[in-house]
Amino acid sequence: MTHRLMSVAGSFYPAQEKEINTMIEHFNTILSSHPDVLHRFDLLKGNAIIVPHAGWIYSGFTANIAFRILKNTHPKTIVVIGPSHRVGFDGASISDMDSYQTPLGNLAIDRNLVKDLKERLHVAYYPEAHHEHSTEVQMPFIKHYFPDVNVVEIVYAYSDPSQIEPIIAYCLNQGDVAVVISTDLSHYYSQKQANQIDEICLEAIRDKNTAELHQGCEACGMIGVEAMLNVAKKKGLTSTILDYRTSADTSGDTDRVVGYVSALFQ
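Okay, so let's go over this structure. Treat the numbers as computed from the prediction; the structure is a model and nothing was measured.

A short note on the state of the cysteines
Part 1 of the argument: In the structure shown here, the tally under the stated rule is one disulfide.
Part 2 of the argument: A disulfide bridge connects cysteine 201 with cysteine 217, and the sulfur atoms are separated by 2.2 Å. For the disulfide bridge between cysteine 201 and cysteine 217, the dihedral angle about the S-S bond is near 110°, and by the sign convention the bridge is right-handed. Here cysteine 217 lies in the loop between α9 (210-213) and α10 (222-235) and cysteine 201 lies in helix α8 (residues 191-207), a separation of 16 residues in the sequence.
Part 3 of the argument: On the basis of relative accessible area, cysteine 201 is assigned to the buried category, the value being 1%.
Part 4 of the argument: Given the relative accessible area of 8%, cysteine 217 is considered buried.
Part 5 of the argument: Here cysteine 220 is not disulfide-linked; the sulfur of cysteine 217 is the nearest cysteine sulfur, at 9.6 Å.

In structure tokens form, the structure reads like this:
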């Protein structure tokens, strides 16, 4: 058995099971204080989401909403796709291991889907790519809400939406597979500037308008977002913004903020 080991536990998210569960319960308690919003969210269903990947104290609330809603779909496999922040390589890399370590216990990697994506779509495996936080921070959420689900981790670097789009389309065509697209939005602008820049990204997601993404959106995972929007357009999926905020909501620092969004496709 080979394992994709945790690399950012204790920094981007808690390293202990109890702390993770407490944090998620806190996020849901906040939601419960807005029963009208919570009721609307609990009626939503979809098998593709966009989530942020910063430290949980900043972006966890936003991501948690999307995973809570994704639970309504009951997928058997969840494919997490995120940008590489540390390693450069061409195209995308798929984790070719047996399980994915989390503080809540290991998640089984869907070996059959990995084999299909490698053989049918020629997705490569670069071991050095799989120490990536953009994908890893999603796994404790997945283990919490989907204890028995299988996962697949895909990281891309020097890539193009046309390379990621077939991966998303193939996965969603399986029927019992959900897709998670990982991205943060603008980085280190003032709150006012960030809101203006991020609104471009939000409008593009709402409208499934890939051209609009290139009018100033600064999402670090824009390749994955654009690929997802292309698939959504072709499949006739609707897109819904679930939550938007910045790091200032937690830190109080409005001088240099990072933007976060979660969205649902159904």
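Read on for the rest.
Notes on helix α3 (residues 56-70)
Owing to its 3.6 residues per turn, the α-helix brings residues three or four apart onto one side.
Part 1 of the argument: Relative to the 21 Å expected for 15 residues at 1.5 Å per residue, α3 spans just 18 Å between its end C-alpha atoms, considerably shorter than the ideal helical length.
Part 2 of the argument: Remark: the principal bend of α3, roughly 30°, maps to threonine 62.
Part 3 of the argument: Counting buried positions along α3 yields 13 of 15 residues, so the element is predominantly enclosed.

Details of the environment of asparagine 47
Part 1 of the argument: You can see asparagine 47 is positioned in the loop between α2 (35-42) and β2 (48-51).
Part 2 of the argument: With 14 residues separating them along the chain, asparagine 47 and serine 33 place their C-alpha atoms 26 Å apart.

Re the pairing of strand β3 (residues 77-83)
Part 1 of the argument: Where burial is concerned, most of β3 is hidden: seven out of the seven residues are buried.
Part 2 of the argument: Burial along β3 is two-sided: the face carrying Thr77, Val79, Ile81 and Pro83 and the face carrying Ile78, Val80 and Gly82 are both buried.
Part 3 of the argument: Here seven bridges tie β3 to strand β7 (residues 150-156), and the two strands are oriented parallel to one another. Note on β7: the bridge partner recorded for valine 79 is valine 152.
Part 4 of the argument: The pairing of β3 with strand β8 (residues 177-182) spans five bridges and is classified as parallel. Paired with isoleucine 78 across the bridge in β8 is alanine 178.

Brief notes about the side chain of serine 99
Part 1 of the argument: Note that serine 99 resides in strand β5 (residues 99-100).
Part 2 of the argument: At 2.4 Å, the side chain of serine 99 forms a polar contact with the side chain of histidine 3.
Part 3 of the argument: Every residue in contact with serine 99, bar those within four places of it in the chain, is listed here: Thr2, His3, Arg4, Asn106, Leu107, Ala108 and Ile109.

Quick word on unusual backbone geometry
Part 1 of the argument: Not every positive phi belongs to a glycine, and histidine 74 is a case in point at roughly 55°.
Part 2 of the argument: Looking at the secondary structure, you find histidine 74 in the loop between α3 and β3.
Part 3 of the argument: A residue is classified by how much of its surface remains accessible, and histidine 74, at 63% relative accessible area, is exposed.

Here we look at the packing of helix α1 (residues 17-32) against α3
Part 1 of the argument: Viewed as axis vectors pointing N to C, α1 and α3 meet at an angle of 70°, and their least axial separation amounts to 10 Å. Here α1 is positioned roughly perpendicular relative to α3, judged by the angle of their axes. Residues Ile20, Met23, Ile24, Phe27, Asn28, Ile30 and Leu31 of α1 form the contact with α3, whose participating residues are Trp56, Ile57, Gly60, Phe61, Asn64, Ile65 and Arg68.
Part 2 of the argument: Considering only residue class, the contact of α1 with α3 consists of 10 nonpolar, three polar and one charged.

Definitions and cut-offs
Residues numbered from 1 in each chain as written. Predicted model: local features only at pLDDT ≥ 70, side-chain atom pairs only at ≥ 80, totals over all residues. Heavy atoms only, no water. Disulfide = S-S within 2.5 Å. Helix = DSSP H or I, 4+ residues; strand = E, 2+ residues; numbered from the N terminus. Buried < 20%, exposed > 50% of the residue type's maximum accessible area, 1.4 Å probe, protein only. Expected span 1.5 Å × (residues − 1). Bend = angle between axes of the 7 residues up to and from the residue. Pairing = 2+ DSSP bridges. Polar contact = N/O pair within 3.5 Å; in protein donor to acceptor, adjacent residues only side chain to side chain. Contact = heavy atoms within 4.5 Å. Axes fitted to C-alpha atoms, helices over the stretch in contact; angles between N-to-C directions. Parallel < 35°, antiparallel > 145°, perpendicular 65-115°, else oblique. Nonpolar A, V, L, I, M, F, W, Y, C, P; charged D, E, K, R; others polar.

Nothing here speaks to function; it is all geometry.
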